[in-house]
Amino acid sequence: MNDKKWTWLIVAVLLALQAAQTVYVVQRESLTFDEGDHMFAGYMMTHAGDFGLNPEHPPLVKLLAALPLLGQSYWLPPEQGRYFKVEAYLDGRDWLARNDGASGRMVLKMRLAAGLLALGLSLMVFCAARAWFGPWAGLAALALVSFDPNVIGHSALVTTDIGVSLFFLASLYAFYRYVQRPTIARLALAGVAAGLLLATKHSGILLAPMLAALIVWEVATAAKGTRVRVAARLTGAFAAIVVLGVLVLWVFYGYRYAARPAGLPMSVHLEEMVKALTPFQASAILGIAHLHLLPESYLIGLVDVKGMAQFYPTFVLGKVYAHGVWWYFPVALLIKTTLGLLALTALAVFAIVTGKLRKGRELAFLLLPAAVYFGVAVWAGMDIGARHMLPVYTLTFVLAGAGCAALAEKSANWKWVRLGLIAAHAVSALTVFPNYIAYANEVWGGPKNVHNLLSDANVDWAQQLYQVKAWQDRHPGEECWFAYFAHPEIDPAIYGISCHHLPTIDTFWMGGAEVTPAVVHGNVLLSAGDLSGCEWPSGTMNPYRSFQAREPDEMIDYGVMVFRGTFQMQQAAALSRAQNAYALLGKGQAAEALALAREAVAIDPEEIISQTARGDTAAVAGQKDEARIAWQAALNAAKQLEPDAQRNYVPDLEAKLAKQ
């Protein structure tokens, strides 16, 4: 057998191992936070041509996931005209509950369809690394991606991170091939790859500054006398890629500008959403919309993502910040990356610095795009998971593979170092199998400690409900109270879990929580996201912060902590009543809402939301003096928060008081 056949045999084995891990992992995971939203939206796109239910992300991954459902008719929840995120999340929950239940068969089909992108990503990593740095670099890079815990953990979820990583690399590789040998066919392929990228995630627009940086590099390194010609050709190619990419993007929206089919209204309008942007940004978006240069759904999603980043809190190294912090991703990568991959990346840098790895163009196609993406991610402030760094991981696999190959050529000893570090990478990942989402390397205490350092999809993305059900089956008849990161977007009762529901920030904006007693006896189950308080703008607002000082009695898949005993839960008790007061107020039951808000304040007078609820319900009930007293109490408490957290409450409370 020749070397080429051996190479492809190894490729096949590594891809098979990756696929086997992926299938095993996802069939034991319950629905993660965003998947029901994406799955339902994908079905409605193929079933009714409706792109307005989930404009937060472009359609490609959702359409791919919906392919197994083509030609099948399922029960649909009645639309209630709610804000599009609430509508899509809750309709997706009900759609899956009614048509799939706890069996997960439909979910598994859709996940496996989306999982094809993960195999495509690994194959793309191999092909790019082999083309740029040789077959050994390709195999090393493939081994790294095939066993990477962050890749495996997200491989078959119906989300956008794997897909955008694949098409970023595919777009860069296609542009490289055009630069290397310009032809119409290669230019067209680069445009198609760019379109697939744009149709996967809004961060795909970062391809433009990446290509611009590469064009500058190509012009700067071109031979004298050819630079003007090179600049003109590559600038023209850039324009062609943009045009082709946008045309491909339109394909996924059926070449229709309107987000929803005729006669169906959007719950939000672009003109209202852009008010949260700067005047320049708003004018640009509205100008594009007026000319119908991009689909309405795509533009709404672009604005939504930009708006979310401005107010999304961050949890890192045990502390909540009301905003993003520039050092979040550097720290998250140090925690979530295997020591083997970190060492291999350091060796690749060493090989570049010492001149052992000299390929300038190929390194530019790795390092410049990685720098652009990383820089924008640090600046953007959307600090919710290392999964957002998967495009950088993808380029790092290729770089590490290149370093392996370059050093191994210089000495046989480097071959053993390379193999040892690749093995260390794989072994470290396998120690957390099958709970890859909760991976943390050994220096940071591994997966048992990651919930103390990071949150959201770094630990707990709501994937443990099958295991929570198994825990409850082992403790029949025991009382349990459950704060679950994705409730009510995902209902644990669908999986047969009968614990009482504790309030979270999500139960607030989705209709309220079960009324919680001030003292709880028995078992308290807290998912890592709620234990950390990662969605609150201040750690002091987390009703479960007292549990952070306790060691859990049990851990379920590193993401749900079990505490046994008797617990003072005044803040949670007050919060649950305040949330339900707002739910009653929305139904026009002002007197009942005020009574519940008063009850909340009596339990915890310092709770900001409870005092605000008392003020709001009193105002509607005509009790202006009581409203003023409650709002002032809420304002006084809000001013005790960190300055950055105050902006979430102080301006609104001051405005209410000023109107009285």
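Residues numbered from 1 in each chain as written. Predicted model: local features only at pLDDT ≥ 70, side-chain atom pairs only at ≥ 80, totals over all residues. Heavy atoms only, no water.

Q: Just checking my understanding: could you explain the overall build of the protein for this structure?
A: Scanning the protein from N- to C-terminus turns up 28 helices and seven strands. In terms of overall size, the protein behaves like a compact globule, its C-alpha atoms giving a radius of gyration of 26 Å where 660 residues would be expected to give roughly 26 Å. Based on the C-alpha atoms only, the size of the protein along its principal axes is roughly 80 × 55 × 50 Å. Looking at the 660 residues of the protein, the share that counts as buried comes to 60%. (Helix = DSSP H or I, 4+ residues; strand = E, 2+ residues; numbered from the N terminus. Rg over C-alpha atoms; globule rule 2.2 N^0.38 Å. Buried < 20%, exposed > 50% of the residue type's maximum accessible area, 1.4 Å probe, protein only.)

Q: How do you make sense of the packing of aromatic side chains when you look at a structure like this?
A: Two aromatic rings, taken as a pair, are described by how far apart their centres are and by the angle between their planes. Overall, the coordinates contain 28 aromatic pairs when judged by the stated rule. Through a chain of ring-to-ring contacts, the aromatic side chains of Trp132, Tyr173, Phe175, Tyr176, Tyr178 and Phe365 assemble into a single cluster. (Phe/Tyr/Trp six-rings, centres within 6.5 Å; stacked < 30°, edge-to-face > 60°.)

Q: Sorry, what's going on with the pairing of strand E7 (residues 560-568) here?
A: On a regular strand, each side chain points to the face opposite its neighbour's, so the side chains alternate between the two faces of the sheet. Where strand E5 (residues 519-527) and E7 come together, nine bridges link them in antiparallel fashion. The residue of E7 that forms the bridge with Asn523 is Arg564. With three bridges connecting them, strand E6 (residues 554-556) and E7 associate as antiparallel partners. If you follow Met555 over to E7, its bridge partner there is Met561. The turn linking E6 back onto E7 is made up of three residues, and Asp557 within it adopts a positive phi angle of 50°. (Pairing = 2+ DSSP bridges.)

Q: So what exactly am I meant to see when it comes to the pairing of strand E3 (residues 480-483) here?
A: Of the two faces of E3, the one lined by Cys480 and Phe482 and the one lined by Trp481 and Ala483 are each fully buried. Where E3 lies against E5, four bridges are found, and the strand directions are parallel. Paired with Cys480 across the bridge in E5 is Asn523. As paired elements, E3 and strand E4 (residues 500-501) share two bridges and run parallel to each other. Directly across from Phe482, in E4, lies its bridge partner His501.

Q: I'm lost on the state of the cysteines in this one. Help?
A: According to the stated counting rule, one finds one disulfide in the structure shown. Cys404 takes part in no disulfide bond, and the closest cysteine sulfur to it belongs to Cys127, at a distance of 18 Å. Since its relative accessible area comes to 5%, Cys404 is described here as buried. (Disulfide = S-S within 2.5 Å.)

Q: Quick question: what am I supposed to make of the sheet that holds E7 here?
A: Strand-to-strand pairing in sheets goes through backbone hydrogen bonds, with the strands running parallel or antiparallel. As summarised here, the arrangement of the five strands in space is E4-E3-E5-E7-E6, forming an open sheet in which the pairing is mixed. One side of each edge strand has no neighbouring strand; the edge strands of this open sheet are E4 and E6. Each of E3, E5, E6 and E7 touches helix H20 (residues 465-474); the most contacted strand, E6, lies at about 140° to it. (Contact = heavy atoms within 4.5 Å. Axes fitted to C-alpha atoms, helices over the stretch in contact; angles between N-to-C directions.)

Q: Sorry if this is basic, but what is going on with the pattern of salt bridges here?
A: Once their charged atoms are close, side chains differing in charge can pair, the charge on each being opposite to the other. The full count for this structure, using the stated rule, is 22 salt bridges. Here Lys275 ties to Glu272 by a salt bridge, and the two come within 3.1 Å at their closest N and O atoms. The same class applies to Lys275 and to Glu272, which are both exposed. Of the charged contacts, one joins Glu599 and Arg577 as a salt bridge, the two residues approaching to 2.8 Å between their closest N and O atoms. Placement of the pair is Glu599 in helix H24 (residues 590-603) and Arg577 in helix H23 (residues 570-586), with a sequence separation of 22 residues. A residue is classified by how much of its surface remains accessible, and Arg577, at 9% relative accessible area, is buried. Through salt bridges with shared partners, a single network forms among Asp50, Glu79 and Arg260. (Salt bridge = Lys/Arg side-chain N within 4 Å of Asp/Glu carboxyl O.)

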